[in-house]
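# Survey of secondary and tertiary structure
So you can see what is in the structure, the chains are spelled out below.
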Amino acid sequence: MGYATGVWKHFRFLTCFCALGLYLITTSCINTRKTTYFNDIQNGAFNTPEPAQPIINKNDLLGIYVSSLNAEASLIYNAPSLPTTISAGANGSAMQTVGYLVNEDGVIQFPVLGNIKAAGLTIKELTEVITDSLKTGKLLVDPLVTIRFLNFRVTVLGEVGKPTVITVPNEKISVLEAIGLAGDLTIYGKRDNVLLIREEGGKKIIRRINLNSPAILTSSFYYLKTNDVIYVEPDKNKVASVSNFRQLLPAFIAATTVVIVLLDRLIK
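Just so it is clear, the model here is predicted, and its values are computed rather than measured. (Residues numbered from 1 in each chain as written. Predicted model: local features only at pLDDT ≥ 70, side-chain atom pairs only at ≥ 80, totals over all residues. Heavy atoms only, no water.)

### Quick notes on the packing of aromatic side chains
To keep things clear, this is the line we draw: Here a pair means two rings of Phe, Tyr or Trp (six-membered ring of Trp) with centres within 6.5 Å. Their orientation is stacked below 30 degrees between planes, edge-to-face above 60, and tilted elsewhere.
Here the structure, examined in full by the defined rule, presents four aromatic pairs. Members of the aromatic cluster, joined through ring pairs, are Tyr77, Tyr100 and Phe110.

### Some words on unusual backbone geometry
The line we're drawing: Secondary structure elements follow DSSP: runs of H or I of four or more residues count as helices, runs of E of two or more count as strands, with numbering from the N terminus. Throughout, exposure labels follow a simple rule: accessible area from a 1.4 Å probe, protein chains only, divided by the maximum for the residue type, with under 20% read as buried, over 50% as exposed, and the rest as partly exposed.
Backbone geometry at Val112 places phi at a positive 70°, although glycine is not the residue there. By the secondary structure assignment, Val112 is in the loop between strand S5 (107-110) and strand S6 (114-117). Backbone geometry at Lys138 places phi at a positive 50°, although glycine is not the residue there. Here Lys138 is to be found in the loop between helix H3 (123-136) and strand S7 (144-149). Taking the relative accessible area as the measure of exposure, Lys138 reaches 76% and is therefore exposed.

### Some points on the sheet that holds strand S11 (residues 203-209)
In plain terms, the rule: Whether two strands pair comes down to DSSP finding at least two bridges between them. What counts as an axis is a line fitted to C-alpha atoms, over the stretch in contact for a helix, and the angles between N-to-C directions run from 0 to 180 degrees.
Within the open sheet, the five strands sit side by side as S9-S8-S12-S10-S11. Their pairing is mixed. Both edges of this open sheet fall to strand S9 (164-167) and S11, since each of them pairs with a single strand only. The mean angle between the axes of side-by-side strands here comes to 20°, regardless of whether they run parallel or antiparallel. Where strand S10 (residues 194-200) and strand S12 (residues 229-232) come together, three bridges link them in antiparallel fashion. Bridge pairing in S12 places Ile197 opposite Val229.

### Digging into the sheet that holds strand S4 (residues 100-101)
Hydrogen bonds along the backbone pair up the strands of a sheet, which may run parallel or antiparallel. What the three strands build is an open sheet, ordered S4-S1-S7; its pairing is antiparallel. With one partner strand each, in any of the chains shown, S4 and S7 form the two edges of the open sheet. Sheet analysis places strand S1 (residues 61-67) next to S4, joined by two bridges and oriented antiparallel. Within S4, the position partnered with Leu61 by the bridge is Leu101.

### Remarks on H3
Spelled out, the test is: To estimate the expected span of a helix, count its residues, drop one, and scale the result by 1.5 Å. The arc refers to the directions leading from the helix axis to the C-beta atoms. Every residue pair with non-hydrogen atoms within 4.5 Å of one another is taken to be in contact.
Under the 1.5 Å per step criterion, the end-to-end length of H3 is 20 Å for 14 residues, consistent within 8% with the ideal 20 Å. Those residues of H3 lying buried are Ile123, Leu126, Thr127, Ile130, Thr131 and Leu134. When H3 is viewed along its axis, its buried side chains cluster within an angular range of 130° and face the same direction. Relative to its buried face, H3 has exposed residues pointing more than 90 degrees away, namely Lys124 and Thr136. Those residues of H3 that are buried are in contact with S1, helix H2 (71-78), S5, S6 and S7. Looking one or two residues past H3, Lys138 carries a phi angle of roughly 50°, positive in sign.

### Focus: H2
As a reminder of what qualifies: The definition of a polar contact used here is a pair of N or O atoms within 3.5 Å, where within protein one atom must be able to donate a hydrogen and the other to accept one, and adjacent residues in sequence count solely through side-chain atom pairs.
Residues of H2 that are buried: Ser74, Tyr77 and Asn78. All buried residues of H2 project into a common sector of 90° when viewed along the axis, lining one side. Buried residues belonging to H2 abut S1, S4, S5 and H3. The residue sitting at the N-terminus of H2 and contributing the capping side-chain oxygen is Asn70; that oxygen lies 3.2 Å from the backbone nitrogen of Glu72.

### So, the nonpolar core
Spelled out, the test is: For this analysis, a nonpolar core means a set of buried residues of the types Ala, Val, Leu, Ile, Met, Phe, Trp, Tyr and Cys, connected via side-chain atoms within 4.5 Å.
With 44 residues, the main nonpolar core has Leu62, Ile64, Ile108, Phe110, Ile130 and Ile230 as its most contacted residues. Counting only elements with at least two residues in this core, the list comes to S1, S5, H3, S7, strand S8 (153-158), helix H4 (175-181), S10 and S12. Examining the composition of this core, we find that four residues originate from one element, H3, more than from any other. When near neighbours in sequence (up to four residues on either side) are disregarded, Ile108 contacts Leu62, Ile64, Tyr100, Leu101, Val102, Gly114, Asn115, Ile116 and Ala118.

### Observations regarding the side chain of Thr127
Within the secondary structure, Thr127 is located in helix H3. At 2.7 Å, the side chain of Thr127 and the backbone oxygen of Ile123 are in polar contact. The contact partners of Thr127, leaving out residues within four places of it in the chain, are Val145 and Ile147.

### Some details on the pairing of S12
Only one face of S12 is buried, namely the one carrying Ile230 and Val232, since none of Val229 and Tyr231 on the opposite face is buried. As paired strands, S8 and S12 are joined by four bridges and run parallel to one another. Across the sheet, the residue bridging to Leu157 is Tyr231, located in S12.

### Here's the deal with the side chain of Thr122
The residue Thr122 is located in the loop between S6 and H3 in this model. With near-sequence residues (within four places) excluded, Thr122 lies in contact with Gln53, Pro54, Ile55 and Ile56.

The structure is reproduced here in structure tokens:
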């Protein structure tokens, strides 16, 4: 009986030692400040810069809607922007808006008015161009022109809950909203080094965003632009700690099981 008691003491010591080792492995690399948004943020108001008016680029898809006192006369300008039923193969049919495509020359082909230079203009500027052309050509009386991006989207990749491409109907979305719609960052995501890839003037612009700092709330990169890509890098230390834990856990369970069986037989 004394021998069994001694074995039992050794077993308890071994179990506690292994459990402590696994605990240290899984928690040694975790820093709560690195997993928290807006460290040391204080109560107050933050002045976030309003997003700049997006510039129309080649290959953009625009929805252009024209109305006037004569609804029938306006109809011809709206045909490409009206939802159209298209075949979806075995899934039946779906509604899709064709819109006006800005071609490689930077122009759109608009009914009656012909080619209109769109690339390089803002939505407001293109709206004024089309409205003035309809008025000066006496094509419509008091025309009202509304233009929207049909392809305003951002992409979120990497260590998030749901990597996704987000379509933005209202053409305004913040980096926090985009990350939220992608399921938030996982525990392995590096919050202090989020990569933003943006295309401007035919060039790729790279920026690093620190979500641990409240400075993001006043950053000019708080609001995203169309075709922005957010990439969340994995924290290698956290990934390594979890990997080590998963590798050691089966061995720990197996060793514990063997010791329990042997101890049970000794006691009996």
